[in-house]
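Inside the fold
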Amino acid sequence: MARRTGVVIEGKIPNPDEGNLSYYNEIMGMEFQMNIGFILMSLRKWLPRMNEFQRQNVADSIYDSLDSMRRSGKTENMLKNAYIKFMCWLYYKFERIVNQLGENNMYKKNILVSHKAAFSDSAYMNVLFSDKTGTITQGNLSLVEFITGSGDIVNSIQSREFIEAITLNNLAKISSEGKAIGSNNMDRALLSYAISNGYNDSDNDPEKVEEISGFDSEKKCATVKLKNGLVYWKGATENIIDKVTHYMLPDGEEREFTKADKAKIEEQMHAQAKRTMKLLSVAKIGDGKTVLMAVLCLRDNVRTDAVETVQILNDAGIQVVMVTGDAEETAVAIAKEAGILKDEKKDVVLTHEQLEKLSDEELKKVLPNLKVVSRAKPLDKKRLVSVSQQIDNVCGMTGDGVNDAPALKQADIGFAMGDGTAVAQEAGDVVILNNSLTSIKDCVLNSRTMAKSVGKFLIFQLTVNISTLLMNILAPILGWTEPFSIVQILWINLIMDTLAAMAFGGEPILNRYMKDQPAKRTDNILTSYIKSAIGVSAIFITLGSILILENIGGITTFVTPAGCANPELYEKTFMFAFFIYAIIFNSLNTRSEKFNLFEHIGENKNFALVMGGIFILQTIIIEIGGQVFSTTMLEPKALLVSMALAVLIIPVDLIRKAIMRK
């Protein structure tokens, strides 16, 4: 027999003895079927990663290999040749259409899939490390209040020096429409505040700038150095407050900074953080002084749909961990508002410093209850993913910056943000165009729907495969001639592969899939439900075929008309009709795990069209396809009896479902 390596069929088939040519051709038909099934199952994994040229070459290679097998068996039947080529071509075209439709549907939901293999892993994701800004919150920062060096809260600071500090130390620009664009949302918020207070680009002289450094996520600050030696600094307050010597009042007056002032500021910062304010300090450094100009309070509201989405993800068995550069108090307040942090006694909140002190083994113990990581740095994300994967978690990670690329690459599913850098989008597997956590939930739901459809397809295909294989194994044991002709086997193969993929590929997206717990890495793809469905249906179809061919209970005699010219062919045609009709009725069992077999069937019109088309074509094949399909015309009574026997597969499977539910 031929040996398979990947999708390439190697080796030569020895010439058969002339006396066994007919049955040998049937065995060749089985080989065609098994090879086609094997090849197409492999291609389902690899075709999405190929370009169009590669796919066409694969299709041509498959055909050439199978055609070589056909020639070596001396079966020069042009119809069989056409069937094989047609099946390869149809599968190739179908893959392209389904991929394009799937991508279009996902795009409508603000999801752009760049790596399809990793996208399918989101069905099994059980941990999501998510950024805060733009994903859980709206991402629209606005500067609303200021904490002065004396600890007072003011609504506005309009001194010229303060406006210069927040505009020179800023990479955002003013558009032709007078709006802040570019850079990050923090820079845009500061520039927008300046614009609202009458600022325009002519107010500053860019020639006075010697060097500017944008925000550094490691140092948690951004600076601009002027040619006169003055440095404007903005960043995390804890990085500058111990160095402050003076503070500036809203009118520009400078005063000495005392411990009492520091205590007042820290008290106000704590209160503002509990109001979910993002805190950012602005200072000037020069002449041996570090002057705190103000602590800025920026608001970024939690998305209106974030609370519901977090709850849905939790119900789906997905642990949401918020990883943010904000201060601990702000992060905790937002996590509570979003529903991520619920039980402060059980849920764990870590800062970067605390995370850094934990060993990997200690972190593994903490991870199941981890909810928030504050003041996080980019490499913290990669470590979180890596350690989480070591305890067999399937991890998702969001990111938008260049420094997020390692973590996005490391994650099982990297979600890059639509407004993020090109580097992050290249490293990610999925681009979330609107940055929303809800779109990530939609991505998981779509992936779970695809996984369910794959399970349905496996049940349908393997049931047919095993039934056909059992029939061909039992044939010589029970003394039958070949149970199926080659063309019949090719027709069965066309049903179970291409047509079945078309039928089950359009299954509706059901929100109830988000109530299921994700499968583990170690779980078998053939679950107990799938194995029971395959086993029961395959045994039923095989026993039904034996019932007919062995004429048990005189059933074949009952449907065979008197004076039948070829009773053996009539018997085989009767069995073939039962076999295909049973496959069609079993498709109803397969598409629903519940007792209502017609659940949401109207949302998958392809299913009704494909299975209805197979039913009609099978009836036509039996009635007029005799010479090609090696069948003979059946009397109406035989057709009805074959259908009645076949439909019994439905109550048999309902009994199996009832047993599996217990």
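Here is a short report on the structure shown in this document. (Residues numbered from 1 in each chain as written. Predicted model: local features only at pLDDT ≥ 70, side-chain atom pairs only at ≥ 80, totals over all residues. Heavy atoms only, no water.)

Before going further, it helps to spend a moment on the pattern of salt bridges. Going through the model one piece at a time under the given rule, you end up with 26 salt bridges. Residue D187 pairs with K234 through a salt bridge whose shortest N-O separation is 2.3 Å. In this pair, D187 sits in helix 6 (residues 185–196) while K234 sits in strand 11 (residues 231–235), placing the two residues 47 residues apart along the sequence. Here D187 falls in the buried class, since its relative accessible area comes to 4%. In this structure, E253 engages R255 in a salt bridge whose closest nitrogen and oxygen atoms are separated by 3.3 Å. The partly exposed category is assigned to E253, whose relative accessible area is 36%. R255 sits in the partly exposed class, given a relative accessible area of 40%. Three or more residues are tied together by salt bridges with common partners; here these are E161, E254, K284 and K289. (Salt bridge = Lys/Arg side-chain N within 4 Å of Asp/Glu carboxyl O. Helix = DSSP H or I, 4+ residues; strand = E, 2+ residues; numbered from the N terminus. Buried < 20%, exposed > 50% of the residue type's maximum accessible area, 1.4 Å probe, protein only.)

With that out of the way, let us pick up the sheet that holds strand 4 (residues 127–130). One open sheet accounts for eight strands, arranged 3-21-20-19-4-16-18-17; its pairing is mixed. Only two strands of the sheet have a single partner each, and these edge strands are strand 3 (111–113) and strand 17 (348–351). Strand-to-strand, the axes of this sheet are offset by a mean angle of 20 degrees, without reference to chain direction. Judged from the four bridges that link them, strand 4 and strand 16 (residues 319–323) form a sheet pairing that is parallel. By the bridge assignment for strand 16, S130 is matched with M322. (Pairing = 2+ DSSP bridges. Axes fitted to C-alpha atoms, helices over the stretch in contact; angles between N-to-C directions.)

Quick look at the packing of helix 16 (residues 486–504) against helix 19 (residues 567–591) now. Working note: a packed helix pair is described by the angle between its axes plus the distance between those axes. Running from N to C, helix 16 and helix 19 point in directions that differ by 15 degrees, and their axes come no closer than 12 Å. It follows from the interaxial angle that helix 16 and helix 19 lie roughly parallel. The element helix 16 and its partner helix 19 pack so that their crossing is right-handed. Facing Q488, W491, I492, I495 and F504 of helix 16, the residues of helix 19 in contact are F576, F579, I580, I583, S587, T590 and R591. Across the contact of helix 16 with helix 19, the residue classes break down as eight nonpolar, three polar and one charged. (Parallel < 35°, antiparallel > 145°, perpendicular 65-115°, else oblique. Left-handed = near helix turned anticlockwise from the far one by under 90°. Contact = heavy atoms within 4.5 Å. Nonpolar A, V, L, I, M, F, W, Y, C, P; charged D, E, K, R; others polar.)

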